[in-house]
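Summary of the model geometry
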4 protein chains.
Amino acid sequence: MASSFGTLFRVTTFGESHGGGVGVVVDGCPPRLALDPATIQADLDRRRPGQSRLVTQRDEDDQAEILSGVFGGYTTGTPLAILVRNKDHNSGAYDHLRDVYRPSHADFTYDAKYGFRDWAGGGRSSARETIGRVAAAAVARRLLAEVAGIEVLAWVSSVATIGTDVDLNTVTLEQVEADPTRCPDPVAAQAITTAIETARRDGDSLGGVVTVVARQVPAGLGEPVFDKLDAELAGALMSLPAAKGVEIGSGFAGTRLSGREHNDPFEIGSDGNVSTTQNNSGGIQGGISNGQDIVARVAFKPTGTIASEQQTVTRDGENTTLSARGRHDPCVLPRAVPMVEAMVLLCLADHWLRQTAINVLPPLTDRP
Amino acid sequence: MASSFGTLFRVTTFGESHGGGVGVVVDGCPPRLALDPATIQADLDRRRPGQSRLVTQRDEDDQAEILSGVFGGYTTGTPLAILVRNKDHNSGAYDHLRDVYRPSHADFTYDAKYGFRDWAGGGRSSARETIGRVAAAAVARRLLAEVAGIEVLAWVSSVATIGTDVDLNTVTLEQVEADPTRCPDPVAAQAITTAIETARRDGDSLGGVVTVVARQVPAGLGEPVFDKLDAELAGALMSLPAAKGVEIGSGFAGTRLSGREHNDPFEIGSDGNVSTTQNNSGGIQGGISNGQDIVARVAFKPTGTIASEQQTVTRDGENTTLSARGRHDPCVLPRAVPMVEAMVLLCLADHWLRQTAINVLPPLTDRP
Amino acid sequence: MASSFGTLFRVTTFGESHGGGVGVVVDGCPPRLALDPATIQADLDRRRPGQSRLVTQRDEDDQAEILSGVFGGYTTGTPLAILVRNKDHNSGAYDHLRDVYRPSHADFTYDAKYGFRDWAGGGRSSARETIGRVAAAAVARRLLAEVAGIEVLAWVSSVATIGTDVDLNTVTLEQVEADPTRCPDPVAAQAITTAIETARRDGDSLGGVVTVVARQVPAGLGEPVFDKLDAELAGALMSLPAAKGVEIGSGFAGTRLSGREHNDPFEIGSDGNVSTTQNNSGGIQGGISNGQDIVARVAFKPTGTIASEQQTVTRDGENTTLSARGRHDPCVLPRAVPMVEAMVLLCLADHWLRQTAINVLPPLTDRP
Amino acid sequence: MASSFGTLFRVTTFGESHGGGVGVVVDGCPPRLALDPATIQADLDRRRPGQSRLVTQRDEDDQAEILSGVFGGYTTGTPLAILVRNKDHNSGAYDHLRDVYRPSHADFTYDAKYGFRDWAGGGRSSARETIGRVAAAAVARRLLAEVAGIEVLAWVSSVATIGTDVDLNTVTLEQVEADPTRCPDPVAAQAITTAIETARRDGDSLGGVVTVVARQVPAGLGEPVFDKLDAELAGALMSLPAAKGVEIGSGFAGTRLSGREHNDPFEIGSDGNVSTTQNNSGGIQGGISNGQDIVARVAFKPTGTIASEQQTVTRDGENTTLSARGRHDPCVLPRAVPMVEAMVLLCLADHWLRQTAINVLPPLTDRP
């Protein structure tokens, strides 16, 4: 359904920018997982507005309440419900958007789909919806760490035309979190900071790319056809607000290579396991993880809501112009980082459980 | 599940390269759709091997039999089952792949997931699996044409480093089908032909990009969160064999623009409808169609199976080399075109039905 | 998933007896439905404890808060989240159940499934979980009334060996609500009241049967195979706490009739529509509604938790005895009535939307 | 969807009485299950027409072909597709049903739902649809036997007013199969045979009850809310053609007992495991198996299609009469037995896999 994700580790988010709150129900989390509310809060804090001057200044502390599903410090196996109240809802700030459609935003399409829309703060199309995803993914992160030692880490790898130099094999969470841009290349981070501040001053906005890596993923996760691991990752990542592109491994650049160049040769690693000497596959072959790092890149367009005057129309069909007010990120990239991690974590937790359910019979001694 | 796609227009594919056949069950196709088996065959013929010297020479006529779900020339509303028998299964040609993993293929990951694999012709990982998708999508194409006049058209827009010049507003099916490359730019088509033939001779392979456009899609299709129309398209397209990247509208290039440049201004068109003066959104805003053409691009890596010698390992953990034999496309792009159309058609048919189920109450006269 | 129900009108409940609260997310409710919170509260009040001396005296006012999905008095089409806080959680009253399994309760099986359990008030197995179902069903009731004039009404038709005489064609909500037993036969209601009070005094409990009728259901709802309307109703009703049997129409008694007696003859009614002269089918034939009243009966076993001493075991595997304390219904029947209605409403709302999505092509003029 | 069942062990059936064939796709069967086609055929042979003079004399050998999903004698983990061709389709025998609705059959409701219907042999509403269920369930039976030693056995426990005396703890498959009635009480079997033959001669039909038991089911299978094991069994069993009622354990009779009588006392069995001294729960408490035998009963109405003249209407809205011809079972009970087993097997296989996916973390040493 529209607001649910996953087959076994299944999350359902709810909530709008200015209603009673936003949250998530996680159905299918295994019982007996030690779960400290601080774990969830830590990821929410990376996503929350107002954490630096680069992002929206809406004043929300985004404190999560676990309504159900935990008893004595452990998950019970029944639904986890997590609620974050909305506090700073200055709906009046959005009155000027009631009758006019912001270009490249969801205003017009919500009206087209639903016949009317909750125009206060963007309603359901607000990025506040991702609070539920990030909260659920914090649980998935705990699960994946405990059962398989999996680590998922994302960072800003470009903003507008500013590229970065990051070693995806060695980059750490500390490096990513060291700068409000969440760009672990200090030189680029400085340029990105300047560019974002300039864009804000100019009533403009910027886009960019987030790269994400999942480490220690065992070989064998994924499915062979529609639910290929790369397909599910692509759908999951493209479901983030403002996403316009997804690459796995070599992506579009890989189409320029020949098969001889692109193929990842297998070798027996020093640990005796099957490994590859390069990773154009981005850790996924035939829709199934191969044990190498999973690598994906997500393109985010520049924020649609800008203060500059733009040509648009009213919901009654009149041409007009709009200079949008309200509190918006001039660049979503820094806050997109935990969202990207969230979608990868949700995918992997789901597929890890799915593979467990498949892998129930003993090995064959007489493989055909 | 692994082999099912869609919520309401739901397809389930089955079959391997060398078993009794491949096919699909379509559950949820509305009743009373006039369905001529020739409609299905036409799309299968665009996908089938041996249609030109550019593609694999496996000899399959891929004749579809409709086992159920049609009575008196109309769909009954109950499951359509469509079967295509495998004919040219020269399994012996694959004996040399029984114990060795082709680099960048599904051989190793299937073993990792399932504990053994059907090594004859790649089993379920064979592109023959897409026969079921294309057959089901031919039904979706009929449905979408009848209920909404929607047209979905794809073409090859690059192969390796060879780009093309195609006007996506005017390109036609006839132009695409005019050349075996399915590239509607005749100059580029010639270069692509030469490049593919050279790659085959060299025991190498090539990748490329397919562009797809969906025309006459009404505004309002899609969902706001996980099942955004662009998210579902991205997942669907990335589930195709060899896909490594998906872009909607401006994609990765759009990340280099500022919001002022990237935003698509609204205007009231000459027909009185809301339109945009450019289409960086690729027809989708906030996960929901906006009535403009839907535009997506899919990156396909070079075919993994090549005749050149490659470094690899055996399933028993020994380093070795492999020069793969068997009948393979040196470049999947020409045959990927109907597969890309298929996934877009399946997505749109599903979302069209979903929107019908949502849009049941009368318009509001007192919009809040 | 475990805690979700429905394909298009999809509800997900959460919460335990003694946590932060219980509630529900409804995903897929059509937009533009006028929704007054009082509508939801009215159904919750019929379900809530303490409403009469026949039921548990736990003190909960069960006030529902709509967290999301409503704007300006109308549903928005995005998820409705509804939360009811737990207030009277005197967990200490349950300490004596921490290490011992109540016979015929969920205590042992939860431990067997999850490895431990939330023993405070029964945790997730508490009938408080049905608050979410009843709240969601109040929305379904509004939708069905508005789009099709459908009415769903249930009542207590037997308790223990006390039968009733009720005309299912004419019985009204007012008659059902006229007595705390929710038995619309006044003579039987008196006997039932006495029996329940006696059982409570004796530390015992009683079971019974609820009958439910759905009126004005159009012909054509349901599906032909696994999702038959009667199959979905049976599953939905059997999912209620303490349910042990479900009948549609003639049920088990119908097995004693011959086909000539059992078959419902068709006739053209005075309104020109197809009707039947009797209704052994209970309004469903071949899994699809036939336009007659849908009739079902649900068997509820006597409440498991009783004050009398019973033989049981501890979670550490020792034989012991238990006299359960805490606040429990000596007979669930009166409060089961709104729960039964809820499950029928959820089923019908879902199938009404599903049929809308199927019925999209024009009638055939040349039926084969 | 309409024609799919199960979350992890997921089956999708297709086919009509008189089309190209009927069959099933099983997605989610674990790999490495040794699967002999004869296993599937054995269960199909118990379901097939013409096996005795008590059942329909349609001449079908119902030979199953496994199209995919098996390699070298083992399941591969990818979809199993199984096809049974229709042979004896004497469609002309049904011409008289083209314009008239059989009372208490699916003819009218299919027209109401779909706008027209496949009238040849009942189309999708034919009991031939259950071939796919029985074939898939034969795979589930193999899986459950291998992983958990589970055995599922059903039998005819009443026909019309003829009851039986069967010990459900000791009855065996051999006893059930010893008589064409599938009633393991020889005295009752004789009476049932006479009654069925009389009904056939009289142009009439009979109903009855099938009892099913599942042995060696471990404690812990099922889910706590909507997907309770008893709820899923009830839905599964009610989805069988002609089913009108389902009971688990004590069922409707249990509503007449008091809690003291009905509760199943726990004790530590001689093997040190938790057991109960009686089984009114039918092996399920709180929706989850408790390790005792699962016991259910299914009511089947008398066959709707009878040769006697009945009052009915035409599809053009005229009153008329009908004496149905064609080959029909005068009593579905003997052939319903393998169908009942099939639905229980499919449920249990699905829940067994689901529990595997949940039970992934180590036991708690500090249970709260």
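Above this note sits the structure.
Scope of this entry: the structure provided in the associated data block. (Residues numbered from 1 in each chain as written. Chains lettered and ligands numbered in written order. Predicted model: local features only at pLDDT ≥ 70, side-chain atom pairs only at ≥ 80, totals over all residues. Heavy atoms only, no water.)

**Quick look at the packing of aromatic side chains**
Here is the rule: The rule is short: rings of Phe, Tyr and Trp, with Trp giving its six-membered ring, pair when the centres are within 6.5 Å, and they are stacked under 30 degrees, edge-to-face over 60, tilted in between. Each helix is a run of H or I in the DSSP string that is no shorter than four residues. Each strand is a run of E no shorter than two, and both are numbered from the N terminus. Accessibility here uses a 1.4 Å probe with only protein chains present; expressed as a share of the type maximum, an area under 20% marks a residue as buried, one over 50% as exposed, and anything in between as partly exposed. Working rule: Lys NZ or Arg CZ, within 6 Å of ring centre, within 35 degrees of ring normal, means a charge sits over the ring.
This structure, assessed with the given rule, holds 30 aromatic pairs over all chains. For the pair F116 of chain A and Y74 of chain C, a centre-to-centre distance of 6.3 Å together with 75° between the ring planes defines the contact as edge-to-face. Taken together, the positions of F116 of chain A in the loop between α2 (107-114) and α3 (130-148) and Y74 of chain C in strand β6 (residues 74-75) put the pair across two chains. A relative accessible area of 15% means that Y74 of chain C is categorised as buried. Ring geometry for F108 of chain C against F266 of chain D: centres 5.5 Å apart, planes inclined by 65°, an arrangement best described as edge-to-face. Separated into two different chains, F108 of chain C in helix α2 (residues 107-114) and F266 of chain D in strand β12 (residues 266-268) make up a pair that spans both. Site record: aromatic cluster; members linked through ring pairs are Y101 and F108 of chain A together with F266 of chain B. The positively charged end of K113 of chain B is found above the aromatic ring belonging to Y114 of chain B, 5.8 Å away from the centroid.

**What about the side chain of T12 of chain B?**
Cut-off, in case you're wondering: In protein, a polar contact requires one atom able to donate a hydrogen and another able to accept it; more generally it is a pair of N or O atoms within 3.5 Å, and residues adjacent in sequence count only if both atoms are side-chain atoms. Every residue pair with non-hydrogen atoms within 4.5 Å of one another is taken to be in contact.
Within the secondary structure layout, T12 of chain B lies in strand β2 (residues 10-15). Separated by 2.8 Å, the side chains of T12 of chain B and S4 of chain B make a polar contact. Beyond its immediate sequence surroundings of up to four residues, T12 of chain B is in contact with S3, S4, G23, V24 and V25 of chain B together with T12 and V25 of chain D.

**Some points on the interface of chain D and chain C**
Which entries qualify depends on this criterion: The term buried area denotes the loss of accessible surface (1.4 Å probe radius) that occurs when two parts are joined, taken as the sum for both partners. Any carboxyl oxygen of Asp or Glu within 4 Å of a side-chain nitrogen of Lys or Arg constitutes a salt bridge here. Polar here means any residue outside two lists: the nonpolar Ala, Val, Leu, Ile, Met, Phe, Trp, Tyr, Cys and Pro, and the charged Asp, Glu, Lys and Arg; Gly therefore counts as polar. Strand pairing is assigned whenever DSSP detects at least two bridges linking the two strands.
Contacts between chain D and chain C engage 110 residues on the former and 110 residues on the latter. Buried surface at the junction of chain D and chain C, summed over both partners, amounts to about 8,800 Å²; 59% is from carbon and sulfur atoms. Ranking the residues of chain D by area buried against chain C places K113, F226 and K244 of chain D at the top, with a combined share of 10%. For the interface between chain D and chain C, the tally reads six salt bridges. Of the charged contacts, one joins R367 of chain C and D316 of chain D as a salt bridge, the two residues approaching to 2.8 Å between their closest N and O atoms. Grouping the amino acids of the side of chain D that touches chain C by side-chain chemistry returns 44 nonpolar, 41 polar and 25 charged. Here strand β11 (residues 243-248) of chain C pairs with strand β11 (residues 243-248) of chain D via three bridges, running antiparallel. Residue G245 of chain C lies in a different strand from β11 of chain D, and its bridge partner there is E247 of chain D.

**Looking at the sheet that holds strand β2 (residues 10-15) of chain A**
Residue and element names in this part refer to chain A. Defined as follows: Angles run from 0 to 180 degrees between N-to-C directions of axes, and those axes are lines fitted to C-alpha atoms, restricted for helices to the stretch in contact.
Read across the open sheet, the five strands follow the order β1-β2-β3-β7-β4; overall the sheet is antiparallel. Unpaired on one side and paired on the other, β1 (4-5) and β4 (64-68) mark the two borders of the sheet. Summarising the sheet, β2 and strand β3 (residues 22-27) pair through six bridges and their orientation is antiparallel. Among the inter-strand pairings, T12 is bridged to a residue of β3, identified as V25. Contacts from helix α1 (residues 37-47) reach β4 and β7 (80-84) within the one sheet, and its direction differs from that of β4 by about 135°.

**Structural notes on the pattern of salt bridges**
Going through the model one piece at a time under the given rule, you end up with 110 salt bridges over all chains. When the shortest N-O distance is used, the salt bridge between E223 of chain C and R354 of chain C registers 4.0 Å. Pair noted here: E223 of chain C is in the loop between β10 (208-215) and α6 (229-238) and R354 of chain C is in helix α8 (residues 333-358), with a separation of 131 residues, a long-range link. By relative accessible area, R354 of chain C is classed as buried at 4%. Within the structure, one salt-bridge network assembled from shared partners comprises D43, R46, R141, E177, R182 and E341 of chain A.

**Things to note about the relation of the copies chain C and chain A**
Our working definition: Only residues with pLDDT of at least 70 in both copies contribute their C-alpha atoms to the least-squares superposition of the copies.
After a rotation of 180° and a shift along the axis of 0.0 Å, chain C superposes on chain A with an RMSD of 0.0 Å. Such a combination of rotation and displacement between the chain copies is what one expects of a two-fold axis. A symmetric contact is evident, with 100% of the interface residues of chain C recurring at the interface of chain A.

Nothing here speaks to function; it is geometry throughout.
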